[in-house]
Amino acid sequence: METPPAGTAPTPPAPRSTPEPVATNGRPGRSTVKWVLLLGALATLPAFTVDMYLPLLPDVATDLGTSPAMAQLTLAGMLVGGAFGQLVIGPLSDRYGRRAPVIIGLSLHVVTSILCAVVPGIGWLVALRVLQGFFNASAQVVSIAVIRDRFTGSDAARILSRLMLVIGLAPLLAPSFGSLIASHGTWRWVFWVLAVLGALLALIVLRFMPETLETERRQTGGVGSVFRGYGALLKDRHFLALAVLPGLGMAVLMSYVVGSPFVLQEGYGLTHQQFAVLFAVNGIGLVISAQVNASLVRRVAPIRILRTALVLQGVFAVGLLVVALTGAGGLIGLLVALWLTLALQGLIPANASALALTRHGERAGTAAAVIGAFQAGVAGLVSPLVGVLGGDEIAMSAVMLGAVVASLLVLGLATPAFRKGGWHMPA
């Protein structure tokens, strides 16, 4: 496949029965394992920054003398900071390449992690978490942009799904690490560990990640070109609809993330270790669905998978709210309904992101920034509603259902996915 001239949109690839990787830099056919592991390690940093901290949220509230809602705000603050960070870092990566922004971002993540470890009060912790989210946003936006540099269409969806396997290990392992750390120290130790992880990732990028955006393909111009790039994206209603879907999906996930420590540990009396195990079980559902998606996109158009997965998730989310309202099945009933609802997430963000990126490959960093900003920003704005509405299983389930319904409305009203012929929509 030829690389289009700088500043021009690529021609959508012709449908293929068996997608083949599209490699840049003149190295077609190169193994994708390295990229999945490398980019997966980068993309897991924000996830670890959230998930390792989860079992300790009640401890944070107690130690800093604050409410559960304020403790949850330290998670939402990181997401909002990540949204703004990606909007800034995305265009920078289109202009200066992928390596420099991510190395600088990781370095500043280390600094803010150290400051979080010694913070004196909840206000400072919320503010620092916003900065932490801003800086480690570089890891996510660059990892997505690099995928678009090297892959396109259903190939990109397949690689993103493989990436989800690596990312899926974060919710499997991070809460257990957090509990292990807490058993030997306090919640503050988590941030020392996060500082070490950021430093290791920066060294890995320096050693193993080559530049994937050649000089001749980089965006030129000043601030005006950045605004023009965002303007072109914001005028594409179809792109915006696809770009916001990962954000609404993240809102579903983060509503569970911020609510579950209080629902399961305080409401049902589970220990840190029991919570970590149950959180890992839900993580397994995400991993399984991500791998199912990676196989499906070889034979089924991403838009078909996206449409079907959202409808099924809506059905399961309704069931989750019914269980929360009635108490049917007790803890087991709640956990089963949660697992089914969350497992569908592995089929949604990868396909929506790949379809959105295909429309604007010439400015992949900026497009990835918009997707990432929606992903962090929408989740950061929606997930605190769990605490506002009471912080129990009913509040958590209601917010999750609301985000799924919003996703269905966006897909149905702003794309042809549910219209005649939309089933065959390539992007």
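Preceding this paragraph is the structure being described.
Residues numbered from 1 in each chain as written. Predicted model: local features only at pLDDT ≥ 70, side-chain atom pairs only at ≥ 80, totals over all residues. Heavy atoms only, no water.

Asks: Provide a residue-level description of the overall build of the chain, including the pertinent values.
Replies: Of the regular secondary structure elements, the chain holds 16 helices and zero strands. A burial count over the chain gives 58% of its 427 residues as buried. Contacts in the chain between residues at least 24 apart in sequence constitute 86% of all its contacts with a sequence separation of at least 6. Working note: accessible area of the chain is about 16400 Å², and carbon and sulfur atoms make up 71% of it. (Helix = DSSP H or I, 4+ residues; strand = E, 2+ residues; numbered from the N terminus. Buried < 20%, exposed > 50% of the residue type's maximum accessible area, 1.4 Å probe, protein only. Contact = heavy atoms within 4.5 Å. Areas by Shrake-Rupley, 256 points an atom, 1.4 Å probe, with all protein chains shown as cover.)

Asks: Which residues make up the nonpolar core, and what values go with them?
Replies: With 65 residues, the main nonpolar core has L125, W187, Y256 and V257 as its most contacted residues. Counting residues per element, this core draws most heavily on helix 9 (residues 237–267), at 12 residues. The contacts of W187, once residues within four sequence positions are left out, are Y53, L56, D59, V60, D63, L64, C116, V119 and L125. In this structure, W35, L38, I103 and F151 belong to the second largest nonpolar core, which totals 55 residues. (Core = buried A, V, L, I, M, F, W, Y, C linked by side-chain atoms within 4.5 Å.)

Asks: Let's hear about the packing of helix 1 (residues 33–51) against helix 4 (residues 99–117): which residues, and what values?
Replies: At a minimum axis distance of 12 Å, the contact between helix 1 and helix 4 shows a crossing angle of 25°. Classified by the angle their axes make, helix 1 and helix 4 are roughly parallel. Handedness of the crossing formed by helix 1 with helix 4: left-handed. Counted together, L42, L45 and T49 of helix 1 and V102, L106 and H109 of helix 4 form the full contact between these two elements. (Axes fitted to C-alpha atoms, helices over the stretch in contact; angles between N-to-C directions. Parallel < 35°, antiparallel > 145°, perpendicular 65-115°, else oblique. Left-handed = near helix turned anticlockwise from the far one by under 90°.)

Asks: So what's going on with the side chain of S260? Which residues, and what values?
Replies: Turning to its location among the elements, S260 is positioned in helix 9. Sequence-distant contacts of S260, that is, excluding residues within four places in its chain, are made with Q265, F275, F279 and M396.

Asks: Account for the pattern of salt bridges, with residues named and values stated.
Replies: Evaluated as defined, the whole model comprises three salt bridges. For D94, the salt bridge identified is with R98, shortest N-O distance 3.0 Å. Residue classification places R98 among the buried residues on the basis of a relative accessible area of 1%. Salt bridges sharing common partners tie together D94, R98 and D149. (Salt bridge = Lys/Arg side-chain N within 4 Å of Asp/Glu carboxyl O.)

Asks: An account of the environment of K34 is requested, with residue identities and associated values reported.
Replies: The residue K34 is located in helix 1 in this model. The class of K34 is partly exposed, set by a relative accessible area of 30%. Once the C-alpha coordinates of K34 and M209 are considered, the two residues, 175 residues apart in sequence, prove to be 9.5 Å apart. In this view, K34 contacts F208 and P210; residues no more than four positions away in its chain are not counted.

Asks: Just give me the short version of a nonpolar patch on the surface, but keep the residues and values in it.
Replies: Residues I104, L108, V111, I114, L115, V118, W189 and W192 make up a contiguous nonpolar surface patch of about 720 Å² in total accessible area. At the level of secondary structure, the elements contributing two or more residues to the nonpolar patch comprise helix 4 and helix 7 (188–208). Element by element, the count of residues in the nonpolar patch is highest for helix 4, at five residues. Inspection of the secondary structure puts I104 in helix 4. (Patch = residues over 30% accessible without salt bridge, like charges linked within 9 Å, V, L, I, M, F, W, Y side chains within 5 Å.)

Asks: Tell me what's going on with helix 4, and back it up with residues and numbers.
Replies: Given a rise of 1.5 Å per residue, 19 residues ought to cover 27 Å, and the 28 Å separating the end C-alpha atoms of helix 4 matches this to within 8%. Residues P101, V102, I103, G105, L106, H109, V110, T112, S113, C116 and A117 constitute the buried set of helix 4. Structurally, helix 4 contributes buried residues whose contacts are with helix 1, helix 3 (68–96), helix 5 (122–150) and helix 7. (Expected span 1.5 Å × (residues − 1).)

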